[in-house]
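# Coordinates in review
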Amino acid sequence: MSDRLFIFDTTLRDGEQVPGCQLNTVEKIQVAKALEALGVDVIEAGFPVSSPGDFKSVVEISKAVTWPTICALTRAVEKDIDVAAEALKFAKRSRIHTGIGTSDPHIKYKFNSTREEIIERAIAATKYARKYVDDVEFYCEDAGRTENEYLARVVEAVIKAGATVVNIPDTTGYCLPDEYGAKIKYLMEHVDGIEKAILSTHCHNDLGMATANTVQGVLNGARQVEVTINGIGERAGNTSLEEIAMIFKSHKECGITTNINTTKIYGISRTVSSLMNMPIQPNKAIVGRNAFAHSSGIHQDGVLKNVQTYEIIDPKDVGIDDNAIVLTARSGRAALKHRLHVLGIETNQEKLDQIYEDFLKLADKKKEITDDDVLVLAGADRTMN
Ligand code: KIV
Ligand code: ZN
């Protein structure tokens, strides 16, 4: 099995569904071009039948972007597929992403239908989409809560009908990592013709397990992951692209490679956050403000001796210039001495002890000590020069 993992970004579809995160077409093109530069394989550009604005965005993104496949979402409904095909007509590479709910709650309450009828509708939608494009992805909505045996029948039927990728969404973010991994393994082992298609993960973060579930999906045979920048998406969000990219870059023993240029991660994370007006939690893995900040004295001392003591990722690998040694009341002399050195001030031990004493008094009153504070403490206040 190939070790190449395809990155399917759904920031502009699942991410953009979040209240308050709507973008206009110009902004969507800006994000799409940044995703292209980042190296994603597929951009899910929207759900064209949902609104004229979404339709227009899919058209314009298809024109603006060259390398990644442009994907449009539909329900398993002919009208949706017609509109998606029309919106994709300028794409150099296009994919229709159609599908239907396969869990018992979806079949019963959403569709008032039966398992057999759902399989018929899945086959029909896949065949219909294949009339327009060669690349059809089928999603089994709420696959996370769909019984594995039935799910395998759906997956087998849509592959036979022409699906090239089959998406196994944990739509409600319910699965445990072992359970989701076992689901992918079951499909890899029980679906006839599985070698003709790629299985895709699409995990939501309702219980904080989206990334763990995605990793388990990949380790068990999925070769596409559906992710978003900063993990934005419905409710608690989707699996975050930056976490998956850095997990497989850091854990080489998994033998998984992606096309992501990780040095572009920090830039696109900020762009998406500011365009969507969606702040990033400070302790967010990889891109949060504190992701590479060391504040306790013990950690700072270690990092200043050798970064390998407390850093598993070089901040430059994700496009951040350097780690941050944050000066707080928990910082030690080593961190203060380092900051003084960075500011061009060399001290002997006696002077350092004296500055450190004043530093602690001030740090107990302030959350963070700035460079200007340090200069004042060292008697080298910029304003005095
Ligand atoms: O979460 C989900 O099931 C989805 C599908 C529409 C792919 O977003
Ligand atoms: Zn989703």
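Residues numbered from 1 in each chain as written. Chains lettered and ligands numbered in written order. Predicted model: local features only at pLDDT ≥ 70, side-chain atom pairs only at ≥ 80, totals over all residues.

Here is the rule we go by: UniProt positions are given in the numbering used here, feature names are shortened, and annotations may be inferred rather than shown by experiment.
As named in an unreviewed UniProt entry, the protein chain is 2-isopropylmalate synthase, taken from Parabacteroides faecalis. Listed under Function (unreviewed entry) in UniProt, the entry text for the protein chain is "Catalyzes the condensation of the acetyl group of acetyl-CoA with 3-methyl-2-oxobutanoate (2-ketoisovalerate) to form 3-carboxy-3-hydroxy-4-methylpentanoate (2-isopropylmalate)." Regarding the protein chain, the relevant UniProt record gives this comment under Pathway (unreviewed entry): "Amino-acid biosynthesis; L-leucine biosynthesis; L-leucine from 3-methyl-2-oxobutanoate: step 1/4."

## Points about the overall build of the protein chain
Quick reminder of the rule: The numbering of helices and of strands both runs from the N terminus, where a helix is a DSSP run of H or I of at least 4 residues and a strand a run of E of at least 2. Backbone-placed C-beta atoms define the burial measure: a residue is buried with 20 or more other C-beta atoms within 10 Å of its own, exposed with 12 or fewer, and partly exposed in between. Residues are treated as contacting if the C-beta atoms built from their backbones sit within 7 Å of each other.
Broken down by element type, the protein chain carries 14 helices and ten strands. Buried residues in the protein chain amount to 45% of all 385 residues. Look at the contacts in the protein chain between residues 6 or more apart in sequence, and 71% of them connect residues 24 or more apart.

## So, the sheet that holds strand β3 (residues 69-73)
Rules: Strands were regarded as paired on the criterion that DSSP finds at least two bridges between them. Lines fitted to C-alpha atoms define the axes here, with helix axes fitted over just the stretch in contact, and angles between the N-to-C directions of these axes take values from 0 to 180 degrees.
The eight strands lie next to each other as β1-β2-β3-β4-β5-β6-β7-β8, forming a closed barrel whose pairing is parallel. Between one strand axis and the next, the sheet turns through 25° on average, direction left out of account. Sheet analysis places strand β5 (residues 136-141) next to strand β6 (residues 165-170), joined by three bridges and oriented parallel. Directly across from Glu137, in β6, lies its bridge partner Val165. Running at roughly 170° to strand β4 (residues 94-101), helix α5 (residues 115-130) makes contact with β4 and β5 of the sheet.

## Looking at the packing of helix α11 (residues 297-305) against helix α12 (residues 333-342)
Convention followed: These descriptions rest on fixed angle ranges, namely under 35 degrees for roughly parallel, over 145 for roughly antiparallel, 65 to 115 for roughly perpendicular, and the rest for oblique. Put simply, Ala, Val, Leu, Ile, Met, Phe, Trp, Tyr, Cys and Pro go in the nonpolar bin, Asp, Glu, Lys and Arg in the charged bin, and everything else, Gly too, in the polar bin.
At their nearest, the axes of α11 and α12 sit 8 Å apart, and the two run at 55° to each other. For the element pair α11 / α12, the angle class is oblique. Of the residues in α12, those touching α11 at Gly297, Gln300, Asp301 and Leu304 are Ala334, Ala335 and His338. For the contact of α11 with α12, a count of residues per class yields three nonpolar, three polar and one charged.

## Points about unusual backbone geometry
A positive phi angle, near 65°, is found at Asp142, a position not held by glycine. Take Asp142: it is sitting in the loop between β5 and α6 (148-161). The phi angle at Arg235 is positive, at roughly 50°, despite the residue not being glycine. For Arg235, the location among the structural elements is in the loop between β8 (224-227) and α9 (241-250).

## Quick look at the site of ligand 1
Quick reminder of the rule: Being near a molecule or strand means, for a residue, that its backbone-placed C-beta atom lies within 6 Å of it.
As a structural note, the neighbourhood of ligand 1 is formed by Asp14, Tyr139, Glu141, Asn167, Pro169, Thr171, His202 and His204. When grouped by side-chain class, the residues that make up the shell around ligand 1 number two nonpolar, four polar and two charged.

## Describing the UniProt feature "binding site: Mn(2+)" (unreviewed entry) in the protein chain
UniProt tags Asp14, His202, His204 and Asn238 as "binding site: Mn(2+)" (unreviewed entry). Look at the named residues: they lie 225 residues apart in sequence, but the longest C-alpha span between them is just 10.3 Å, so in the fold they bunch up. Inspection of the secondary structure assignment puts His202 in strand β7 (residues 198-203). Residue classification places His202 among the buried positions, given that 30 C-beta atoms sit within 10 Å. Non-local contacts of His202, meaning those with residues more than four positions away in its chain, are made with Tyr139, Asn167, Pro169 and Glu226. Tracing the backbone shows His204 in the loop between β7 and α8 (210-219). Residues within four places of His204 in sequence aside, it is in contact with Asp170, Thr171, Thr172, Gly173, Ala210, Gly233, Glu234, Arg235, Ala236 and Asn238.

## Describing the UniProt feature "domain: Pyruvate carboxyltransferase" (unreviewed entry) in the protein chain
As recorded in UniProt, the sites labelled "domain: Pyruvate carboxyltransferase" (unreviewed entry) are residues 5-266. Secondary structure content for residues 5-266 is 42% helix and 17% strand, while the C-alpha to C-alpha distance between its ends is 21 Å.

## What about helix α3 (residues 78-87)?
The criterion, for reference: Arc, as used here, means the arc of the directions from the helix axis to the C-beta atoms.
Restricting attention to buried positions, one finds in α3 the residues Asp80, Ile81, Val83, Ala84 and Ala87. Down the axis of α3, the smallest arc covering the buried residues is 165°, so these residues share one side. The inward-facing, buried residues of α3 contact α2 (52-64), β3, β4 and α5.

## A word on the pairing of strand β2 (residues 42-46)
Just so we agree on the cut-off: Place the viewer so that the strands point away; then a crossover is right-handed whenever the path from the first strand over the helix to the second strand goes clockwise.
Of all the five residues making up β2, five are buried; the element is thus mostly covered by neighbouring parts of the structure. Two strands pair when backbone bridges link them, and strand β1 (residues 6-9) and β2 are joined in this way by two bridges, in the parallel orientation. For Phe8, the partnering residue across the bridge sits in β2 and is Val42. As for the winding sense of the linkage, the β-α-β connection from β1 through helix α1 (residues 25-38) to β2 is right-handed.

## Some words on the packing of α6 against helix α7 (residues 177-190)
The condition is simple: Take the far helix as your reference; a near helix turned counterclockwise from it by less than a right angle gives a left-handed crossing, and one turned clockwise gives a right-handed crossing.
Put simply, α6 and α7 touch, their axes get as near as 10 Å, and they point 50° apart. In this view, α6 runs oblique relative to α7, as classed from their interaxial angle. Note that α6 runs across α7; the crossing there is right-handed. Taken together, the residues of α7 that come into contact with α6 (itself represented by Asn148, Leu151, Ala152 and Val155) are Lys183, Tyr186, Leu187 and His190. Partitioning the contact of α6 with α7 into residue classes produces five nonpolar, two polar and one charged.

## Topic: the nonpolar core
Condition: Throughout this description, the term nonpolar core refers to a group of buried Ala, Val, Leu, Ile, Met, Phe, Trp, Tyr and Cys residues whose C-beta atoms join them within 7 Å.
By size, the foremost hydrophobic cluster in this structure holds 90 residues, and its most contacted members are Ile43, Ala45, Ala72, Val155 and Val166. Sorting elements by how many residues they give to this core places α6 first, with six residues. Sequence-distant contacts of Ala45, defined by excluding residues within four places in its chain, comprise Leu12, Arg13, Ala32, Ser57, Val58, Ile61, Ile70, Cys71 and Ala72. One finds Ile325, Ala335, Ile355 and Ala378 within the second-largest nonpolar core, a separate group that totals 14 residues.

## Some thoughts on the environment of Leu88
Along the polypeptide, Leu88 turns up in the loop between α3 and β4. Accessibility expressed as a C-beta count within 10 Å gives 24 for Leu88, which makes it buried. Placed 45 residues apart in sequence, Leu88 and Val133 show a C-alpha to C-alpha distance of 9.6 Å. If we ignore the near neighbours within four places in the chain, the residues touching Leu88 are Val58, Ser62, Ile70, Ala72 and Ser94.

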